[in-house]
Each structure stands twice: as structure tokens, then as C-alpha cells.
Amino acid sequence: MVVSLWSVNDIATAELMKVFYQNLKRGLTTDKALREAKLQLLKGKQQTWHHPYFWASFVLVRSPIRGVRRASQRLGLFPIVALPHVGLRIHCFT
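Attention in this report is confined to the structure presented alongside it. Just so it is clear, the model here is predicted, and its values are computed rather than measured.

### Focus on the side chain of Asn23
Note on placement: Asn23 falls in helix H1 (residues 10-25). What makes Asn23 buried here is its relative accessible area of 4%. Apart from residues no more than four positions distant in its own chain, Asn23 is found in contact with Leu28, Ala33, Glu36 and Ala37.

### Topic: the side chain of Lys38
Within the secondary structure layout, Lys38 lies in helix H2 (residues 30-43). Those residues in contact with Lys38, other than ones at most four positions away along the chain, are Leu16, Trp55, Ala56 and Phe58.

### Remarks on the environment of Ser4
Examined against the element boundaries, Ser4 turns out to sit in strand E1 (residues 2-4). Residue Ser4 is classed as partly exposed on the basis of its relative accessible area, which comes to 33%. A sequence separation of 55 residues divides Ser4 from Val59, and the C-alpha atoms of the two residues are 6.4 Å apart. Sequence-distant contacts of Ser4, defined by excluding residues within four places in its chain, comprise Ser57 and Phe58. Polar side-chain contacts of Ser4 include one of 2.5 Å to the backbone oxygen of Trp6. At 3.0 Å, the side chain of Ser4 and the side chain of Ser57 are in polar contact.

Cut-offs used in this document
Residues numbered from 1 in each chain as written. Predicted model: local features only at pLDDT ≥ 70, side-chain atom pairs only at ≥ 80, totals over all residues. Heavy atoms only, no water. Helix = DSSP H or I, 4+ residues; strand = E, 2+ residues; numbered from the N terminus. Buried < 20%, exposed > 50% of the residue type's maximum accessible area, 1.4 Å probe, protein only. Contact = heavy atoms within 4.5 Å. Polar contact = N/O pair within 3.5 Å; in protein donor to acceptor, adjacent residues only side chain to side chain.

Rendered as C-alpha cells:
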């Protein structure tokens, strides 16, 4: 899932998303597709969109539990997730 960390320009967002989905159709992974879309805005003809305000707010959000859950099920572990102020930590307990 792609989310924005702050309110952004609608026209720049539409262009970024258009390029992002084109990159996905070309077979790029989601992280590479987003990176390439950001680079296109950064290096594109629209000089205003070169500023990070227009493209840097977009990030990928994935469930960190999905990969941990699969691995923990194989090992018989139970993941416990803590969200402290500094960041996400995942602990597995047997």
C-alpha cells in the first residue's frame, strides 16, 4: 500500500501514481516502481515537481507481521509486536 505522509499536490500525485502503476505493469516490484516514479518526478520536465514536497511523502506500508508470522509458524514461535516511540520492534517467543 502506498501512503502519503502529508498533504500533497493533486496533479503531481496523479502523475506519480500513473507512472507508479505503469512501472508495476512493466513488472517492477512495488518498491522499485515507486522509486522510479519518484525519480521521474525529480528529473522530469516540470521544474516545480523537483522539490521533495511533491514526491517524498509517498512511502510503502507493508505488514511486517506477514513474513514474521510465516517464519514463526514454521518454528513454532509466537510474534509479539511493540510500537515504541522510536520504531517498530518484533519479538518472537517460544
